[in-house]
Structures are given as structure tokens and as C-alpha cells.
Amino acid sequence: MRQFLNKITSNQSLSLEEMEVATRQMFSEETTDTEIGAFLTGLKLKGETADEITGLVNVIREKSLTLPKELTGVMDNCGTGGDGSQSFNISTTSAFVIAGTGITVAKHGNRSISSKTGSADVLENLGVSLTLNPEQTHEVLKENGISFLFAPNVHPALKRVMKVRRDLGVPTIFNLIGPLTNPVALTTQLLGIYRRDMLDQMASVLHKLGRKRAIILNGAGHMDEASLAGENHLVLIEKGELMQFTLHPEEVGLPVYDNEAIKGGDSKENAAILRNVLKGEKGAHRDTVLLNAGLGIFANGKAATVQEGVHLAKESIDSGAALAKLNYLIEYSSKVKQGV
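Residues numbered from 1 in each chain as written. Predicted model: local features only at pLDDT ≥ 70, side-chain atom pairs only at ≥ 80, totals over all residues. Heavy atoms only, no water.

Moving on, we come to the overall build of the protein. Of regular secondary structure, the protein possesses 15 helices and 7 strands. Taken over the C-alpha trace, the protein has a radius of gyration of 19 Å; the compact-globule value for 340 residues is 20 Å, and the two agree within 12%. Viewed in the frame of its principal axes, the protein has a C-alpha envelope of about 60 × 50 × 35 Å. Pairs at least 24 residues apart make up 73% of the contacts formed inside the protein by residues separated by at least 6 positions. By element, 47% of the accessible surface of the protein is carried by carbon and sulfur atoms, the whole surface being about 14000 Å². Put simply, the protein has 35 plus and 39 minus side-chain charges, and the middle of one group is 4 Å from the middle of the other. (Helix = DSSP H or I, 4+ residues; strand = E, 2+ residues; numbered from the N terminus. Rg over C-alpha atoms; globule rule 2.2 N^0.38 Å. Contact = heavy atoms within 4.5 Å. Areas by Shrake-Rupley, 256 points an atom, 1.4 Å probe, with all protein chains shown as cover. Lys, Arg positive; Asp, Glu negative; His and termini not counted. Charge placed at Lys NZ, Arg CZ, Asp CG, Glu CD.)

This part is about the nonpolar core. Ranked by internal contacts, the top residues of the largest apolar core, which has 60 residues, are Val-97, Val-105, Ile-215, Leu-278, Leu-291, Leu-295 and Leu-326. At 9 residues, the largest contribution of residues to this core is made by helix H13 (residues 284-300). The contacts of Ile-215, once residues within four sequence positions are left out, are Gln-189, Leu-190, Leu-191, Leu-234, Val-235, Leu-236, Leu-295, Phe-298 and Ala-299. (Core = buried A, V, L, I, M, F, W, Y, C linked by side-chain atoms within 4.5 Å. Buried < 20%, exposed > 50% of the residue type's maximum accessible area, 1.4 Å probe, protein only.)

For the coordinates displayed, the defined rule picks out 12 salt bridges. Where Glu-124 meets Arg-111, a salt bridge forms, and the shortest distance between an N and an O atom there is 2.9 Å. Placement of the pair is Glu-124 in helix H6 (residues 119-126) and Arg-111 in the loop between strand E2 (104-109) and H6, with a sequence separation of 13 residues. The exposure class assigned to Arg-111 is partly exposed, which follows from its relative accessible area of 34%. Here the salt bridges share partners, and the residues they tie into one network are Arg-111, Asp-121 and Glu-124. (Salt bridge = Lys/Arg side-chain N within 4 Å of Asp/Glu carboxyl O.)

Given below as C-alpha cells:
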């Protein structure tokens, strides 16, 4: 580990291969907490590169629990967190809407880190199990088209590093990679990030990770979700080609709302918001979900335009298809708990 520490503290970046070796050493019992903390801090001070992010993610996925069979055409939609917006669980709600259109969604997430309520907190409140094993997760993905993969459950090797991360108390490379470490081999992805300066860099990472098509976005107000408050900045990656564009909600027939209108609460409040949106309740919550789900459907390629994606998202909610995806997951979780 010392050779890599010397390199990054000399302001030199690691190659993808070097980062993979350094990450394996970071997970080794022989490496001390102090060395791990110094390595993470050194990367942050130097500035993380696309190769370094990719190398870290490759090793984390290599050490994660994997599903018993490969699924094809799977996507995820998730933000990095860290935007400080305290919004309701937009990407989690949108995931069910996307799945309601027939797209398979492996929703990877965690408990709250920077927001009031993480995806795991709100889903647990709704009755969704966080501890499905790989076989059960595969079954739900195949039958329901959406399942939840709880990060600590699928990444047991990260436990020690997460302790160091908490002790450091400052953002590190791990604050950027949550949405990238899904153990399912994703084909497409919608990725929100709170740092607008990293849009192209994260697009490069997704290409290196094998995504065929993806959108990386930074919302109005620097949210890690698409926002109705104004202009959103996005990068579309398709077959390695990057296309930058901006999107205002009015361009896709949606109204403008201030970001204050979508603030959430605790897990109980956010669970109620999620369920009410899927039941068809109108307002800022629904319209925000329509924008984000529409972008997800477009990122997947099922819609040729974002506007078509928004239209399909409306159909998913209004037909009851999105709510049915949630209800299946709740009922399956209940049966598992009861040992049925």
C-alpha cells in the first residue's frame, strides 16, 4: 500500500490496474485502518480519476455477492446522494414507475447517509425485505421486474472500510461510487450526481464499466436528481459516444416547482409520499417522478425521446402497473418473513 500512498501524495494518478491492486490491498487484513484512511484522503486531495473510480468499483463488484444466474437488459436508477436537498426518495419511487413499463430494474441502495431517509429506510417502512438472498433476489427480478439490493447485504467485504470512512467524517471516493457498485451486470443506467464538474468523468466510468447506454445528470440547484426548478445538465452516453445537453421541465410538458416543494421527511413520511405517487396523487412529487422516470426510460432506450419517456411514466402510474410492482415486492417479503 505504501508505494501507492507515495504516488498519490506526489500528485500522481494510479492506472486502472494499479487501483485494482491498491483496492485489494485496502481490503486485506494486513492493511491498517490508518493506511486506508491515508489512502482515501490522499485520493480526495489529489482528485479521483475515471480509472481510479473504475478500478475501485471493479474490485468491489468482484467481492460482492452475485446472483445465481445472469439477467439481461437490466438497469438501475440512483443518485450518489450528498446534494443536501433533503428531498423525498425520488429515484426509489421512480424505479417502480420505470419497472411498470416493462423494464427490469435492479434497485441498489442503502440507508440514509446524507439525506433524512435512504432508499432502504423507506422500503423497509413499506414492508420490503432488505435481506433477500441472491436466489430470492433473482426470482423477484425475473417474476416482478424489480427487486431491491441492500448494499451492506451484497457487499459484506466493505464493512471494515465503511468504519474507516465513518471515522474520517469527510467525503471520499466512496461518496461517488454507490450507484456504480450494483453487483448485477447492468446494461443501462440513470445516474444522478451532486457534482456538475464530474458529469463527463462519470460518463467515462460508466463506459469503462460496460454500460451500453446511460444518462448522467446534475439537476437544477445541483441536485443528484432531475429537478423541476429549472435547467438540468445531462450527458447521454451511447456506445462510447458522449452527448451533453440541458433539459428544462417545460420542454417535456411539466410545470416548474421550487426544490422546497419536494422536501421529504422521515421514513414514514417518505413512504407515504412514495405510495401516494404510485396511487396517482397529483402535484410536485408526481411531476418530479415523471421527469426522473421519463429520463430513466429514455436512458434505457425504451423511449426514443425524454418526452415519450414521460408519457410512458404517466401510463405506468395511471394504469396501476407501478403500484403493482411495489405490492408484489411487499407481499413476497411478507411470505419470506413467514417462511412460506
